[in-house]
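# Working through the structure, step by step
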Amino acid sequence: MSGTEHLTVEREGATLILTLNRPEAKNALSLPMLVGLYDGWLAADEDDTVRSVVFTGAGGDFCAGMDLKALAGDGGLAGDGYRDRLKADPDLHWKAMLRHHRPRKPVIAAVEGYCVAGGTEMLQGTDIRVAGESATFGLFEVRRGLFPIGGSTVRLPRQIPRTHALEMLLTGRPYTAQEARDIGLIGHVVPDGTARARALEIAGLINANGPLAVEAVKASVYDTAALPEEDGLKLELERGWPVFATADAKEGARAFAQKREPEFRRA
């Protein structure tokens, strides 16, 4: 297990697991955590042996949002090394929170406990979402006279019905896991303490598939989302046809004919 302060990085097979690790602060975001997250997303993108990412939190919570004291440096939580990274790339925090970065590999969120404010904003940058039945979601910023600037006014109405998005954004109220599933914010509600296991189960299903196909499918879904249907269908062909020419596609057909599991090689 590795990582940086306030974030742990693990491997389980072809899955990279990024875990927010400030349980005493309900995994509120600190500068070391943001730097670690950014490095984790880059590591997943650059390592061809990684086929999926599970994103979760330690100690029974996902993330309670931004820790303003930690980001200001109070308590020694933001050392010079981390500040230097932020100075070198002023956009680093937005990339870490998946506002300005979309990982190539599928990202599965495993949520327990609090997933509010910045936690709910980061959640919108993930692809598949699993939550324990006692999890709490919400964008609380308006209750403090603040603005959810992590992307929620843009992304949330594109991911769930506008009426539900506006209610979440404008009331600032908490949502239960069941409510979050009902409005389409998450896909699975599981017994408390099992979200990570379920996320890894989903990751295993993804990992068994052709990695080039998986990455092309994800790219096509996002790249065509804001396009008119005719333009989207054209781009889909641009994304899809090259996959059929890969050695992995031939291996998939051959394995099917031979009634065995395929051995994909990213080729």
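Right, let's walk through the structure included here. Quantities reported herein were computed from a predicted structural model and do not represent experimental measurements. (Residues numbered from 1 in each chain as written. Predicted model: local features only at pLDDT ≥ 70, side-chain atom pairs only at ≥ 80, totals over all residues. Heavy atoms only, no water.)

## Concerning the overall build of the protein
This is how it is decided: Only runs of H or I of at least four residues qualify as helices and only runs of E of at least two qualify as strands under DSSP, and these elements are numbered from the N terminus. Every radius of gyration here is taken over C-alpha atoms, with the globule rule written as 2.2 Å times N^0.38, N being the number of residues. Per-residue accessibility, obtained with a 1.4 Å probe over protein chains only, is compared with the maximum for each type, and a residue is labelled buried under 20%, exposed over 50%, and partly exposed between these values. Only heavy atoms enter the contact rule, under which two residues are in contact if any of them lie within 4.5 Å.
The helix and strand inventory of the protein stands at twelve helices and ten strands. A globule of 267 residues ought to have a C-alpha radius of gyration of about 18 Å, and the protein, at 19 Å, matches this closely. Along the three orthogonal principal directions, the C-alpha set of the protein runs to about 60 × 40 × 40 Å. Counting every position in the protein, which comprises 267 residues, the buried fraction comes to 48%. Summarising the internal contacts of the protein: among those between residues at least 6 apart in sequence, 66% fall at separations of at least 24.

## Some thoughts on empty space enclosed by the protein
As a reminder of what qualifies: In this analysis the probe radius is 1.4 Å and the grid spacing 1 Å, with only protein atoms considered; a cavity is a set of points the probe fits into but cannot get out of, a pocket is an open set with protein on both sides within 12 Å along at least five of seven lines, and lining residues have an atom within 4 Å of a point. Grid points are joined across faces, edges and corners, and a volume is the space filled by probe spheres set on the points.
A complete count under the given rule lists one cavity of 30 Å³ or more for this structure. Volume-wise, the largest cavity comes out at about 40 Å³. Lining of the largest cavity is provided by Arg51, Lys105, Pro106, Ile206, Asn207, Asn209, Pro211, Val214 and Glu215. For the lining of the largest cavity, the element with the most residues is helix α10 (residues 211–223), which contributes three residues.

## Details of the packing of aromatic side chains
Formally: When the centres of two rings from Phe, Tyr and Trp lie within 6.5 Å, Trp using its six-membered ring, the rings pair. Their planes under 30 degrees apart give stacked, over 60 give edge-to-face, and anything left gives tilted. We count a charge as sitting over a ring when the NZ of a lysine or the CZ of an arginine lies within 6 Å of the ring centre and within 35 degrees of the ring normal.
Applying the stated criterion to the full structure yields three aromatic pairs. Judged by centre distance (5.3 Å) and plane angle (80 degrees), the ring pair of Trp41 and Phe55 falls under edge-to-face. Remark: Phe55 occurs in strand β4 (residues 52–57) and Trp41 occurs in helix α1 (residues 31–46); sequence separation between them is 14 residues. Pair check on accessibility: Trp41 and Phe55 agree, each one buried. Relative to Phe244, the ring of Trp241 has its centre 5.4 Å away and its plane inclined at 50 degrees; by these criteria the two rings are tilted. A residue pair is termed a helical-turn pair when its members lie 3 or 4 positions apart in one helix, as Trp241 and Phe244 do in helix α11 (residues 229–244) at three residues. In this pair, the class of Trp241 matches that of Phe244, namely exposed. Taken together through their ring pairs, the aromatic side chains of Trp41, Phe55 and Phe62 make up a single cluster. The ring of Phe140 carries Arg143 above its face, with NZ or CZ at 4.7 Å from the centroid. Positioned over the ring face of Tyr175 is Arg173, at 3.8 Å from the centre of the ring.

## Regarding the side chain of Glu251
Relative to the helices and strands, Glu251 is located in helix α12 (residues 247–257). For Glu251, a relative accessible area of 8% gives the class buried.

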